[in-house]
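Descriptive structure summary
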Amino acid sequence: MSSRTSTEGTPAGAPDPAVVAPVVRDVERIGPPLTAGERETLRAYLDFHRATLAMKCEGLGDEDLRRPASPPSTLSLLGLVRHMAEVERQWFRRTLGGDADVPHVWSDRRDFQAAYDTTGATMAEAFAAWRAEVEHARSVEAALVSLDVTAHVPKWEADVSARVVMLHMIHEYARHNGHADFLREAVDGTVGA
């Protein structure tokens, strides 16, 4: 997906392919259907955005994934992956799954911001956690009898439907994928969805 190419191997300044683990090869990004039902459409859009985040990280190593684009902001691609693992866990395990006591992935203080601190974090651990949360989220959503199922959100002091959770997740990924666009371009010039 990189905009840099070379016919003689690795481009100058590019990460050594021997140390860059493939991030996205097992995630296929499929465009959402144009005429499907509501639930299938929401699932497809959510998966499309999940795959987009993974694609934005493709081919990068730990150092590049930790690199912030706009200091003093510390936002990085790796931080976004870690954050989205927390968000998946929050909405699908805690909210829709009803497991309010499940701990945060990256914090023992229930601090969502801790995910953004990538000091010492690795691509392998971040993507393993994120993928595990995505798979769990899919199983929770699939087990719901309908999108009309509701769950209470203490922070909002309201009940929400599974439909709202799905839409919120699509919004969350879309917003952060916009950040990922800038972050990836700052790392190596790669642009495009």
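Before reading further, recall that the structure is shown in the block above.
Residues numbered from 1 in each chain as written. Predicted model: local features only at pLDDT ≥ 70, side-chain atom pairs only at ≥ 80, totals over all residues. Heavy atoms only, no water.

1. Digging into the environment of Leu-96
- Along the chain, Leu-96 turns up in helix 3 (residues 77-96).
- Separated by 57 residues in sequence, Leu-96 and Val-153 have C-alpha atoms that sit 9.4 Å apart.
- Apart from the residues lying within four places of it in its own chain, the contact partners of Leu-96 are Trp-91, Val-140, Leu-144, Ala-151, Ala-162 and Val-165. (Helix = DSSP H or I, 4+ residues; strand = E, 2+ residues; numbered from the N terminus. Contact = heavy atoms within 4.5 Å.)

2. Describing unusual backbone geometry
- The omega torsion of the bond from Pro-71 to Pro-72 falls at 15 degrees, within 30 degrees of zero and hence cis.
- Position of Pro-72 relative to the elements: it lies in the loop between helix 2 (62-66) and helix 3.
- Although it is not a glycine, Arg-110 sits at a positive phi angle of roughly 55 degrees.
- If you trace the backbone, Arg-110 turns up in the loop between helix 3 and helix 4 (123-143).
- For Glu-157, which is not glycine, the phi torsion reads 55 degrees and is therefore positive.

3. Quick notes on the side chain of Glu-88
- Relative to the assigned elements, Glu-88 resides in helix 3.
- Residue Glu-88 is classed as buried on the basis of its relative accessible area, which comes to 0%.
- For Glu-88, the residues in contact, after removing those within four places along its chain, are Arg-50, Arg-93, Glu-133, Val-134, Ala-137, Met-169 and Tyr-173. (Buried < 20%, exposed > 50% of the residue type's maximum accessible area, 1.4 Å probe, protein only.)

These values are about where atoms sit, not about what they do.
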